[in-house]
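# A look at the structure
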Amino acid sequence: MTQAYFITGTDTGVGKTFATCALLHRLAGQGLRVAAMKPVAAGLDAAGLNEDVELLRAAANVHCARDLMNPYALRSPVAPHLAAAEEGLEIRFAPILAAFETLANQVDILLVEGIGGFRVPLGPDGDSADLALAMDLPLILVVGLRLGCINHALLTVEAIQARGLRLAGWVGNCVDPVMARREENLAALAGYIDAPLLGVLPWMDRPDPAVAADSFTWLPR
Ligand SMILES: Nc1ncnc2c1ncn2[C@@H]1O[C@H](COP(=O)(O)OP(=O)(O)OP(=O)(O)O)[C@@H](O)[C@H]1O
Ligand SMILES: C[C@H](N)[C@H](N)CCCCCC(=O)O
Ligand SMILES: [Mg+2]
């Protein structure tokens with residue numbers, strides 16, 4: 001039976017991809033068949049590739065077709081509903097759910113990386129929170145550890161609970177190498193968030209998710 005998690009974050013650029021790749025490596029190290037989805041990606045390079053998708057593919061140990069991993073590959077690195085409109089597209093949940101079902105049959109663990117923060121508009125079927133609900137997945141919240149993250153984390157946790165979704169755990173990711181009072185901030189977050197802290201990923205001058213994998217002290221259930 002495949003276990004799947006929806007990876008959300010306190011914002012864009014907080015380390016959802018980095019943490020997802022690190023978790024893939026950690027779970028693969030447990031002998032599991034693992035892969036990830038990026039249902040909606042915004043921003044393609046000259047070759048038409050999205051950086052997140054390529055990093056997630058590299059961290060997986062099961063090879064999955066790009067169109068299943070990433071049903072919506074949008075050109076512009078902007079809010080996805082705007083990027084889709086530029087291309088005359090509407091982001092719909094049905095293709096994403098179908099791709100998810102196909103991929104889930106190929107792996108033991110499937111991690112689904114959201115886009116930006118928890119409540120990002122997508123299209124007529126709803127926003128990224130509605131997508132997590134439609135996929136009926138527990139969430140893992142990546143908290144980018146920088147001044148202001150407590151508010152963003154607690155607002156996100158509140159929104160997750162308001163949807164009746166389960167927060168399976170959270171990850172503290174050191175995105176600010178000079179953050180003041182980091183340990184006290186982590187303690188405050190741990191006191192407020194009623195879910196396991198899966199690990200604190202260090203700031204890495206050269207981010208290597210295979211190395212960061214060792215920072216997980218608790219694995220999601
Ligand atoms: N712990 C870390 N140490 C050093 N650099 C990091 C760390 N975590 C993330 N980064 C870098 O910060 C940038 C943003 O990280 P990442 O792409 O994982 O964020 P994201 O939340 O997935 O963003 P998006 O919303 O665009 O998907 C990347 O360049 C990444 O390599
Ligand atoms: C393009 C960027 N890297 C992200 N993938 C998309 C972030 C969307 C954020 C939308 C918003 O909350 O304003
Ligand atoms: Mg990402």
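The name given to the chain in an unreviewed UniProt entry is ATP-dependent dethiobiotin synthetase BioD, with the source organism recorded as Denitratisoma oestradiolicum. Quoted straight from UniProt, the Subunit (unreviewed entry) entry for the chain says "Homodimer." In its Cofactor (unreviewed entry) section, UniProt records this for the chain: "Mg(2+)".

### Looking at the coordination of the magnesium ion (ligand 3)
Ideal geometry at a metal centre gives angles of 109.5 degrees when four donors are arranged tetrahedrally and 90 or 180 degrees when six donors are arranged octahedrally. The coordination sphere of the magnesium ion (ligand 3) contains the protein donors Thr17 (OG1), Asp52 (OD) and Glu113 (OE), at a distance range of 2.0 to 2.2 Å. Written as a sequence motif, the donor arrangement for the magnesium ion (ligand 3) is T-x34-D-x60-E. One end of the pair, Asp52, is in helix α2 (residues 51-59); the other, Glu113, is in strand β5 (residues 109-113), with 61 residues separating them in the sequence.

### Remarks on unusual backbone geometry
In this structure, Asp136 takes a positive phi of about 55 degrees despite not being glycine. Here Asp136 is to be found in the loop between α6 (128-135) and β8 (139-144). With a phi close to 55 degrees, Arg181 is a non-glycine residue in the positive phi region. Checked against the element boundaries, Arg181 lands in the loop between β9 (167-173) and α8 (182-192).

### With respect to the site of ligand 1
Taken together, 17 residues lie near ligand 1, and Thr12, Lys16, Thr17, Asn173 and Pro202 sit nearest. Within the backbone of Pro202, an N or O atom sits 2.9 Å from a nitrogen atom of ligand 1. Expressed as a share of its isolated accessible area of 630 Å², the protein-covered part of ligand 1 is 74%. At 3 residues, helix α1 (residues 16-28) tops the list of elements feeding residues into the shell around ligand 1. By residue class, the composition of the shell around ligand 1 is 7 nonpolar, 6 polar and 4 charged.

### A few points about the confidence of the model for the chain
Considering every residue of the chain, the mean pLDDT works out to 97; 100% of them sit at 70 or more. With a pTM of 0.98, the predicted complex shows an ipTM of 0.99.

### Some remarks on the sheet that holds β5
Judged by pairing direction, the sheet is parallel, and its 6 strands sit side by side in the order β2-β5-β1-β8-β9-β10 without closing on themselves. In this open sheet, the two edge strands, each paired with only one partner strand, are β2 (34-37) and β10 (197-201). Neighbour-to-neighbour, the strand axes of the sheet open up by a mean angle of 20 degrees, direction not taken into account. Bridge count for strand β1 (residues 3-9) against β5 is 5 bridges, and the pairing is parallel.

### Re the UniProt feature "active site" (unreviewed entry) in the chain
In this structure's numbering, the residues bearing the UniProt feature "active site" (unreviewed entry) are Lys38. Position of Lys38 among the secondary structure elements: in the loop between β2 and β3 (40-42). Taking the relative accessible area as the measure of exposure, Lys38 reaches 4% and is therefore buried. Contacts of Lys38, omitting those with residues within four sequence positions, involve Asp52, Val53, Leu56, Met69, Asn70, Pro71, Glu113, Gly114 and Ile115.

### Focus: the pairing of β10
The two faces of the sheet receive side chains in turn, since in a regular strand these alternate between them. Pairing between β9 and β10: 4 bridges, direction parallel. Along β10, the bridge assignment pairs Asn173 with Leu201. At this point the chain moves from β9, through α8, to the parallel β10, and the crossover so formed is right-handed.

Basis of the calculations
- Residues numbered from 1 in each chain as written.
- Chains lettered and ligands numbered in written order.
- Predicted model: local features only at pLDDT ≥ 70, side-chain atom pairs only at ≥ 80, totals over all residues.
- Heavy atoms only, no water.
- UniProt positions renumbered as here; feature names shortened; annotations may be inferred.
- Donors = N, O, S within 2.8 Å, 3.2 Å for Na, K, Ca; no water.
- Helix = DSSP H or I, 4+ residues; strand = E, 2+ residues; numbered from the N terminus.
- Near = heavy atom within 4 Å.
- Polar contact = N/O pair within 3.5 Å; in protein donor to acceptor, adjacent residues only side chain to side chain.
- Areas by Shrake-Rupley, 256 points an atom, 1.4 Å probe, with all protein chains shown as cover.
- Nonpolar A, V, L, I, M, F, W, Y, C, P; charged D, E, K, R; others polar.
- pLDDT = per-residue confidence, 0-100.
- Pairing = 2+ DSSP bridges.
- Axes fitted to C-alpha atoms, helices over the stretch in contact; angles between N-to-C directions.
- Buried < 20%, exposed > 50% of the residue type's maximum accessible area, 1.4 Å probe, protein only.
- Contact = heavy atoms within 4.5 Å.
- Right-handed = clockwise from strand over helix to strand, strands pointing away.

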